[in-house]
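Letter by letter, the chains look like this.
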Amino acid sequence: MTNLICKRILLKLSGEALMNSSSGSSIDAAIVKRLATEIKELCDAGIEVGLVIGGGNIVHGAQTAGDGLNRVTGDQMGMLATVINALAMQDSLEHLGQPVRVMSALKINQVCEDYIRRRAVRHLEKGRVVIFAAGTGNPFFTTDSAASLRAIEINAQLMIKATKVEGVYSADPQKDPNAKFYPYLTYDQALDQRLNVMDTTALVLCRDNNVPMRVMNVFEQGAIMKLMTGHDIGSLIERGQI
């Protein structure tokens, strides 16, 4: 496929995207398979895909800390939750015949590889999906920040923040029918207006390293492929003029 807007992307999924809210299942195999199928379609089209999945469907580190656990312990639990999600996605992708590697920022090399940037880039060049697990390996950093960091490290041309809504709004559109939709904005605008896109560290990392971000609805089937073939989907955030 020759009309792709970019060659290498970093896709950020929330852990909640894997959940089945009606059944209460923290990891729904059917949802994981649907997402894996779309990722494989991207790879079949020649796109190199890095993936970061949050762990909020299993445990929220900061929330757990608020319930009485030490914050460092809570964040470490959250990192391990992302490894569980990464292994689930790896299994689903492999069942579809897609080569994939899970690389962890924490040393758990009995179940996945240690994260090494040069090796990750080589995996991508060979057509393997690389799932970056365990966040940055440090407490006090979200998986949003981890996604921004990995996008920079692998020289991703675009970071995609997958959500349950169409893009960036001034407020939660599911709660406020008058919420304003932003098809385009700069990182400085997102920071100044305190829009709930990603945490501040993640936005600043992307801004300072000139990585564009597309915020879009991952639950619209085929939307990512449409985006990759030039359709204007979701909200685009860029650095803007310096």
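Look a little higher up for the structure.
The text that follows walks through the structure, step by step, so that each part is easy to find.

Description of the side chain of E38
- On the secondary structure map, E38 appears in helix α1 (residues 29-44).
- Using a relative accessible area of 8% as the deciding quantity, one classes E38 as buried.
- Setting aside chain neighbours within four positions, we find E38 in contact with E220, Q221, G222, A223 and I224.

Re the pattern of salt bridges
- Scanning the model with the defined rule gives 13 salt bridges in all.
- R71 is the salt-bridge partner of D75, the closest N and O atoms lying 2.9 Å from each other. With D75 and R71 both in helix α3 (residues 71-95) and four residues apart, the pair spans about one turn of that helix.
- Of the charged contacts in the structure, one is a salt bridge between E113 and R101, with a shortest N-O distance of 3.5 Å. Residue E113 is found in strand β4 (residues 113-114), and its partner R101 is found in strand β3 (residues 100-104); the two are separated by twelve residues along the sequence.
- On the basis of relative accessibility, which here comes to 27%, the residue R101 falls in the partly exposed class.
- Each of the salt bridges in this network shares a partner with another, and the network as a whole consists of K12, D144 and K161.

Points about the packing of aromatic side chains
- Counting across every chain of the model gives two aromatic pairs.
- Their ring planes at 80 degrees and their centres at 5.7 Å tell us that Y115 and F132 sit as a pair that is edge-to-face. Of the two residues, Y115 is situated in the loop between β4 and α4 (117-125) and F132 in strand β5 (residues 129-133); the sequence distance between them amounts to 17 residues.
- Classification of F132 by relative accessible area gives buried; the value is 3%.
- Aromatic side chains Y169 and F181 sit 5.2 Å apart centroid to centroid with 55 degrees between the ring planes, which places their arrangement in the tilted category. Placement of Y169 in strand β7 (residues 168-169) and of F181 in strand β8 (residues 181-182) is noted, with a sequence separation of twelve residues between them.
- The partly exposed category is assigned to F181, whose relative accessible area is 33%.
- For the cation-ring pair, R150 lies above Y115, with the distance from its terminal atom to the ring centre recorded as 3.8 Å.

Here we look at the pairing of strand β1 (residues 8-13)
- For β1, a buried count of six out of six residues is recorded, marking the element as mostly surrounded by other parts of the structure.
- Burial of β1 is two-sided: the residues R8, L10 and K12 facing one way and the residues I9, L11 and L13 facing the other way are all buried.
- Chirality of the crossover, the property in question, places the unit of β1, α1 and strand β2 (residues 48-53) among those that are right-handed.

Some words on the packing of helix α5 (residues 143-153) against helix α7 (residues 200-208)
- Relative to each other, α5 and α7 sit at 15 degrees, their axes nearing to 7 Å. As the angle between them shows, α5 and α7 are arranged roughly parallel. Note on packing geometry: the crossing formed by α5 with α7 is left-handed. Contacts between α5 and α7 involve D144, S145, S148, L149 and I152 from the first element and T201, A202, L205 and C206 from the second.
- For the contact of α5 with α7, the per-class residue count stands at five nonpolar, three polar and one charged.

Considering the environment of S235
- Inspection of the secondary structure puts S235 in strand β11 (residues 235-238).
- It is 21 Å that separates the C-alpha atoms of S235 and E16, two residues lying 219 residues apart in sequence.
- Discounting chain neighbours no more than four positions away, the residues touching S235 are E166, G167, V168, F181, Y182, P183, M213, R214 and V215.

Here's the deal with the packing of α1 against α3
- Taken N-terminus to C-terminus, the directions of α1 and α3 make an angle of 60 degrees; their axes are 9 Å apart at the nearest point. Taken as axis vectors, α1 and α3 run oblique relative to one another. As α1 runs across α3, the sense of the crossing is right-handed. Of the residues in α3, those touching α1 at V32, K33, L35, A36, I39 and K40 are A88, M89, S92 and L93.

Considerations on the environment of V168
- Tracing the backbone through its elements, the reader meets V168 in strand β7.
- Sequence spacing of V168 and L195 is 27 residues, and the spatial spacing of their C-alpha atoms is 7.7 Å.

Rules used in this analysis
- Residues numbered from 1 in each chain as written.
- Predicted model: local features only at pLDDT ≥ 70, side-chain atom pairs only at ≥ 80, totals over all residues.
- Heavy atoms only, no water.
- Helix = DSSP H or I, 4+ residues; strand = E, 2+ residues; numbered from the N terminus.
- Buried < 20%, exposed > 50% of the residue type's maximum accessible area, 1.4 Å probe, protein only.
- Contact = heavy atoms within 4.5 Å.
- Salt bridge = Lys/Arg side-chain N within 4 Å of Asp/Glu carboxyl O.
- Phe/Tyr/Trp six-rings, centres within 6.5 Å; stacked < 30°, edge-to-face > 60°.
- Lys NZ or Arg CZ within 6 Å of the ring centre and 35° of its normal.
- Right-handed = clockwise from strand over helix to strand, strands pointing away.
- Axes fitted to C-alpha atoms, helices over the stretch in contact; angles between N-to-C directions.
- Parallel < 35°, antiparallel > 145°, perpendicular 65-115°, else oblique.
- Left-handed = near helix turned anticlockwise from the far one by under 90°.
- Nonpolar A, V, L, I, M, F, W, Y, C, P; charged D, E, K, R; others polar.

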